[in-house]
Amino acid sequence: AESEDDYKTRLQEVVQQNPEERLRYHVVAESGPDHNKSFTVEVRLNSNVIGTGTGHSKKIAEQHAAREALVLMGMEKE
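Computed from a predicted model, the values in this text were never measured in an experiment.

## Thoughts on the pattern of salt bridges
Oppositely charged side chains are able to pair whenever their charged atoms sit close together.
Then step 1. Going through the model one piece at a time under the given rule, you end up with 4 salt bridges.
Then step 2. Lys8 is the partner of Glu62 in a salt bridge, and the nearest nitrogen-oxygen pair spans 2.5 Å. Of this pair, Glu62 sits in helix H2 (residues 58-72) while Lys8 sits in helix H1 (residues 7-15); the two residues are 54 residues apart in sequence, bridging distant segments of the chain.
Then step 3. With a relative accessible area of 17%, Glu62 lands in the buried category.

Set out below in structure tokens:
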């Protein structure tokens, strides 16, 4: 589905073109009560932070981070 774009997969495909590049996701912040948590995730390419995302689950935050990275790379429209 168009709305369920998998930005993580797309980012992985872009990065895989350079075998020496390493993509990692790190949870850098967690806030809120258990029933309404908010996660902030950074996506790093080697040691550089290339995107940050926030969401109510780690998965969603990772997708937002990957999308931001794709936007920065010019692969995705704002």
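## Points about the sheet that holds strand S2 (residues 38-45)
Then step 1. One open sheet accounts for 3 strands, arranged S1-S2-S3; its pairing is antiparallel. Only two strands of the sheet have a single partner each, and these edge strands are strand S1 (23-31) and strand S3 (48-55). Each strand axis lies, on average, 20 degrees off the axis of its neighbour in the sheet, ignoring direction.
Then step 2. Two strands pair when backbone bridges link them, and S2 and S3 are joined in this way by 7 bridges, in the antiparallel orientation. Residue pairing for S3: Glu42 is matched across the bridge by Thr52.
Then step 3. Across the sheet, H1 is in contact with S1, S2 and S3; its angle to S1 comes to roughly 145 degrees.
Then step 4. Across the sheet, H2 touches S1, S2 and S3, and the angle it forms with S3 is around 135 degrees.

## Brief notes about unusual backbone geometry
Then step 1. Phi at Asn46 is positive, roughly 55 degrees, even though this residue is not glycine.
Then step 2. The residue Asn46 is located in the loop between S2 and S3 in this model.
Then step 3. Given the relative accessible area of 33%, Asn46 is considered partly exposed.

## Quick notes on the packing of H1 against H2
Then step 1. Two numbers describe how H1 lies on H2: the axes approach to 8 Å, and their chain directions differ by 45 degrees. Relative to H2, the element H1 lies oblique. Helix-helix and strand crossings are classified by hand; for H1 and H2 the assignment is left-handed. In contact with Tyr7, Lys8, Arg10, Leu11 and Val14 of H1, H2 contributes Glu62, Gln63, Ala66, Arg67, Ala69 and Leu70.
Then step 2. Of the residues in the contact of H1 with H2, the class split is 6 nonpolar, 1 polar and 4 charged.

Here is what the cut-offs are and how they apply
- Residues numbered from 1 in each chain as written.
- Predicted model: local features only at pLDDT ≥ 70, side-chain atom pairs only at ≥ 80, totals over all residues.
- Heavy atoms only, no water.
- Salt bridge = Lys/Arg side-chain N within 4 Å of Asp/Glu carboxyl O.
- Helix = DSSP H or I, 4+ residues; strand = E, 2+ residues; numbered from the N terminus.
- Buried < 20%, exposed > 50% of the residue type's maximum accessible area, 1.4 Å probe, protein only.
- Pairing = 2+ DSSP bridges.
- Axes fitted to C-alpha atoms, helices over the stretch in contact; angles between N-to-C directions.
- Contact = heavy atoms within 4.5 Å.
- Parallel < 35°, antiparallel > 145°, perpendicular 65-115°, else oblique.
- Left-handed = near helix turned anticlockwise from the far one by under 90°.
- Nonpolar A, V, L, I, M, F, W, Y, C, P; charged D, E, K, R; others polar.

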